[in-house]
Amino acid sequence: MNLHLLAFIIAILPVALSPGASFTLAMNNTLVAGTRGLAAIILGTALGIYTHALLIGLGISALLVRSPIIFNLLSVAGAAYLLWLGVQLLRRGRHISQPVASYRSARMGIKDAWLANVLNPKAVMLYLTVVSQFAGRDHALLHYLLLASIHVAIMALWLVIICFTLLTSARVINIRKLSIAINIGGGLILVFFAISNLVQLFMTLKGFSS
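The protein chain carries the name LysE family translocator in an unreviewed UniProt entry, which gives Candidatus Pantoea communis as its organism. In the Subcellular location (unreviewed entry) part of its UniProt record, the protein chain is described as follows: "Cell membrane".

This is the structure:
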């Protein structure tokens, strides 16, 4: 299949292990709904990764990038969605801090994790510029799906390790205070990601206009 699987694993590890939207959502969902909450984020993220593999394998991602208007709209939509998710986590953290508040029904679902991944323009560029280098000379769709499966396996294992460590620590730490810290911290991270993406887009557009 002329794939470079070992090289791909080495290249994708920093991406899969770096804190991002899925990482933040997984930690928050784990505290809210335990293993079910974690499974929802893993499944949603996996679907997002496979979506990118399908899009690049079918040539759709390349078309999106060639159209600056469509790609910029995707960037704005992705930033807006991350901002919305961040605000939801901040609101959840505020409600948890109130003694009478109930936050069990506020967990994120599969769709939230999927959208956070699919609407991320950096994920589109990752599969176009990095993953494509390891897909073999013919760039077959099956190759991209295989690479996506490796990406999913690494991501899932990492989130399971991190979140089970979080659950273990929750047994010896005040769960309420931990939940507040995770939700507010995660919300701030997502808001930061959203603003950073918008600033980067603005600078890119400004560079083109000048």
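(A) Examining the overall build of the protein chain more closely. Assigned secondary structure in the protein chain consists of 8 helices and 0 strands. Mapped from its N terminus to its C terminus, the protein chain presents α and β elements in the order α-α-α-α-α-α-α-α. Residue pairs at least 24 apart in sequence account for 85% of intrachain contacts in the protein chain once pairs closer than 6 positions are excluded. Accessible area for the protein chain stands at about 10,900 Å²; split by element, carbon and sulfur atoms hold 72% of it.

(B) Fine view of a nonpolar patch on the surface. A grouping of L43, L47, I110 and W114 is seen on the molecular surface, where their side chains present a nonpolar patch of about 320 Å² in accessible area. Looking at the nonpolar patch, the elements with two or more residues in it are helix 2 (21-57) and helix 5 (110-118). Taking relative accessible area as the criterion, W114 reaches 30% and is therefore assigned partly exposed.

(C) Just the nonpolar core, in detail. Membership of the largest hydrophobic core comes to 48 residues, with the highest contact counts inside it found for L25 and Y127. Of all the secondary-structure elements, those providing two or more residues to this core are helix 1 (5-17), helix 2, helix 4 (68-96), helix 5, helix 6 (121-130), helix 7 (141-170) and helix 8 (175-209). Sort the elements by how many residues they give to this core and helix 2 lands first, with 13 residues. Setting aside its immediate chain neighbours within four residues, Y127 contacts I49, H52, A53, I56, S132, A148 and H151.

(D) A look at the environment of A194. Position of A194 among the secondary structure elements: in helix 8. Along the chain, A194 and S75 lie 119 residues apart, while their C-alpha atoms are 9.6 Å from each other. Aside from chain neighbours lying at most four places away, what touches A194 is A79, L82 and L83.

(E) Summary view of the UniProt feature "transmembrane region" (unreviewed entry) in the protein chain. In this structure's numbering, the residues bearing the UniProt feature "transmembrane region" (unreviewed entry) are residues 6-26, 38-63, 69-87, 114-135, 141-168 and 180-203. As annotated, residues 114-135 comprises 68% helix and 0% strand, and the C-alpha atoms at either end are separated by 23 Å. With 100% helix and 0% strand, residues 180-203 has end C-alpha atoms that lie 34 Å from one another.

(F) Here's a closer look at the layout of surface pockets. Each pocket or cavity is described by its volume, and for the largest pocket that value is around 630 Å³. As for the largest pocket, its lining consists of 27 residues, and the residues nearest its centre are V15, S18, G20, A21 and N120. Broken down by element, the residue count for the lining of the largest pocket peaks at 6 residues, all from helix 2. Class assignment of the residues belonging to the lining of the largest pocket gives a composition of 16 nonpolar, 10 polar and 1 charged.

(G) Molecular detail of the packing of helix 2 against helix 6. As a packed pair, helix 2 and helix 6 sit with axes 10 Å apart at the nearest point and diverge in direction by 50°. By the criterion of interaxial angle, the relationship of helix 2 to helix 6 is oblique. Relative to helix 6, helix 2 is oriented so that their crossing is right-handed. Contact residues: I49, H52, A53 and I56 in helix 2; A123, V124, Y127 and L128 in helix 6. Per-class residue counts for the contact of helix 2 with helix 6 are 7 nonpolar, 1 polar and no charged.

Definitions and cut-offs
Residues numbered from 1 in each chain as written. Predicted model: local features only at pLDDT ≥ 70, side-chain atom pairs only at ≥ 80, totals over all residues. Heavy atoms only, no water. UniProt positions renumbered as here; feature names shortened; annotations may be inferred. Helix = DSSP H or I, 4+ residues; strand = E, 2+ residues; numbered from the N terminus. Contact = heavy atoms within 4.5 Å. Areas by Shrake-Rupley, 256 points an atom, 1.4 Å probe, with all protein chains shown as cover. Patch = residues over 30% accessible without salt bridge, like charges linked within 9 Å, V, L, I, M, F, W, Y side chains within 5 Å. Salt bridge = Lys/Arg side-chain N within 4 Å of Asp/Glu carboxyl O. Buried < 20%, exposed > 50% of the residue type's maximum accessible area, 1.4 Å probe, protein only. Core = buried A, V, L, I, M, F, W, Y, C linked by side-chain atoms within 4.5 Å. 1 Å grid on protein atoms, 1.4 Å probe; cavity = no way out; pocket = protein on both sides within 12 Å on 5 of 7 lines; lining within 4 Å. Points joined across faces, edges and corners; volume = space filled by probe spheres on them. Nonpolar A, V, L, I, M, F, W, Y, C, P; charged D, E, K, R; others polar. Axes fitted to C-alpha atoms, helices over the stretch in contact; angles between N-to-C directions. Parallel < 35°, antiparallel > 145°, perpendicular 65-115°, else oblique. Left-handed = near helix turned anticlockwise from the far one by under 90°.

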